[in-house]
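# Fold and contact review
Residue-level listing of the chains:
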Amino acid sequence: MKLLPIRARARTIDPGEVALAARNVHFDWRDTPLHWMADEPIASHVINALNLLLPEGERMFCQTFSEALPLVKDEKLREQMLGFIGQESMHAETHNGVLDEVLSAHGIDVDAYVRQMEYLFRTTLGARENADATKQFQNLVERLGFIATLEHFFAFLGDWVLNADLERFGADPRVLDLFRWHGAEEVEHRFVAYDVAEYFEIGYVRRCALMLIVFPIFLALVGRGAKYLVRQDDSLPDLGYPRLIARILGSMWRGALPGGPSLLWSALSVFKPGYTPESVGSTAQAVAYLAKSPAARALAS
């Protein structure tokens, strides 16, 4: 499996810390194919599974950061948190539009999976409003650590999609721009959730423990979402998990999905003492893509 992105990164100069702000984008989803990578229908569904998962997850991110804001006295960190909330809110609503205008338009019933994600992120991972103040605070800290762990993966995936040559699989340019715009902003704001977790003193042991918990859950949710989509796709056989996993591994080998070894290596990197997200992508590359994203330029013109 590919350990490195298919396309070599261009040499860039790191612009340093950038001010975060939500970018207005516009996507026209008319006539968007369900298999948005024409040569890779299974990989299309694996990545489409993120559209099922992300809206509720990112709404939880925004809610949790909003709860944490009054407790943060560092003005610079507060500004970055506000920018993060703005970007994540835009991500949630944009991916929600894909559920309504692409998946549902192709006859995919998204409601059952979305309801499960609502329960997961609103109830299981939601605030404990009836608990005492100490338990509420500890619950908040745990959620902030959970978000920091997921944001590590999202930055990894953002870096991957910015560098993967998905055009060679017949990728629809609109869907590709969706994930590259989102991925670029994940790379751009990759320090924020980490800095917030550090501010609330998550610590090395809890950071490692959260990775051990979150990593398999994240993979399971994406895999289950892919299975859910494949089962409803009349153009594909209803694959059981063994055959589906074999097809997914094939897509990874061809470069249509991130390679398993590189994903595992990225997860293990947080166990290194002194870990920071600095090496997870290039801010310069992310900002350069965001300046030319067709969805962002379409609204600006």
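## A word on the overall build of the chain
Summing up its helical and strand segments, the chain has 11 helices and 0 strands in all. Each helix and strand of the chain, ordered N terminal to C terminal, gives the series α-α-α-α-α-α-α-α-α-α-α. For 301 residues, the compact-globule formula gives about 19 Å, and the C-alpha radius of gyration of the chain, at 19 Å, lands near that figure. Burial status across the chain gives 53% buried among its 301 residues. A separation threshold of at least 6 residues defines the contact pool for the chain, and within that pool the share at least 24 residues apart is 84%. Total accessible area on the chain stands at roughly 14100 Å², and carbon and sulfur atoms take up 58% of it. For the chain, the distance from the average position of its 30 positive side-chain charges to the average position of its 38 negative side-chain charges is 5 Å.

## Points about the side chain of Arg190
For Arg190, the position within the fold is in helix H6 (residues 190-199). Engagement of the side chain of Arg190 in a polar contact is seen with the backbone oxygen of Glu278, the distance being 3.1 Å.

## Focus on the confidence of the model for the chain
Low pLDDT means the predicted coordinates in that region are not meant to be read closely. On average, the chain scores 91 in pLDDT, and the residues at 70 or more come to 93%. Element-level mean pLDDT values for the chain span from 73 in helix H11 (residues 294-300) up to 97 in H6. Considering only residues more than four positions removed or in separate chains, one finds that residues 1-11, a stretch of pLDDT under 50, has 29 contacts.

## Concerning the packing of aromatic side chains
Counted under the stated rule, the structure contains 12 aromatic pairs. Relative to Phe200, the ring of Phe137 lies with its centre 6.2 Å away and its plane at 45°, an arrangement referred to as tilted. Here Phe200 lies in the loop between H6 and helix H7 (204-232) and Phe137 lies in helix H4 (residues 133-163), a separation of 63 residues in the sequence. Both rings, one in Phe153 and one in Phe218, keep their centres 5.4 Å apart while their planes meet at 5°; by these two values the pair is stacked. Residue Phe153 is located in helix H4, and its partner Phe218 is located in helix H7; the two are separated by 65 residues in the primary sequence. This pair shows no difference in class: Phe153 is buried, exactly as Phe218 is. Through a chain of ring-to-ring contacts, the aromatic side chains of Phe61, Phe153, Phe154, Phe215 and Phe218 assemble into a single cluster. The aromatic ring of Tyr241 is capped on one face by Lys227, whose charged end is 5.6 Å from the ring centroid.

## Things to note about unusual backbone geometry
Unusually for a residue other than glycine, Asp31 sits at a positive phi of about 65°. Among the structural elements, Asp31 can be located in the segment before helix H1 (41-68).

## Focus: the environment of Tyr194
Residue position: Tyr194 is located in helix H6. With 145 residues separating them in the primary sequence, Tyr194 and Ala49 have C-alpha atoms 25 Å apart. Non-local contacts of Tyr194, meaning those with residues more than four positions away in its chain, are made with Ala148, Tyr275, Thr276 and Pro277.

## Concerning the environment of Leu103
Positionally, Leu103 belongs in helix H2 (residues 75-103). It is 25 Å that separates the C-alpha atoms of Leu103 and Pro242, two residues lying 139 residues apart in sequence. Leu103 has contacts with Leu34, Asn48, Leu52, Val98, Ile108, Val110 and Leu229, leaving out every residue within four places of it along the chain.

What counts, and at which threshold
Residues numbered from 1 in each chain as written. Predicted model: local features only at pLDDT ≥ 70, side-chain atom pairs only at ≥ 80, totals over all residues. Heavy atoms only, no water. Helix = DSSP H or I, 4+ residues; strand = E, 2+ residues; numbered from the N terminus. Rg over C-alpha atoms; globule rule 2.2 N^0.38 Å. Buried < 20%, exposed > 50% of the residue type's maximum accessible area, 1.4 Å probe, protein only. Contact = heavy atoms within 4.5 Å. Areas by Shrake-Rupley, 256 points an atom, 1.4 Å probe, with all protein chains shown as cover. Lys, Arg positive; Asp, Glu negative; His and termini not counted. Charge placed at Lys NZ, Arg CZ, Asp CG, Glu CD. Polar contact = N/O pair within 3.5 Å; in protein donor to acceptor, adjacent residues only side chain to side chain. pLDDT = per-residue confidence, 0-100. Phe/Tyr/Trp six-rings, centres within 6.5 Å; stacked < 30°, edge-to-face > 60°. Lys NZ or Arg CZ within 6 Å of the ring centre and 35° of its normal.

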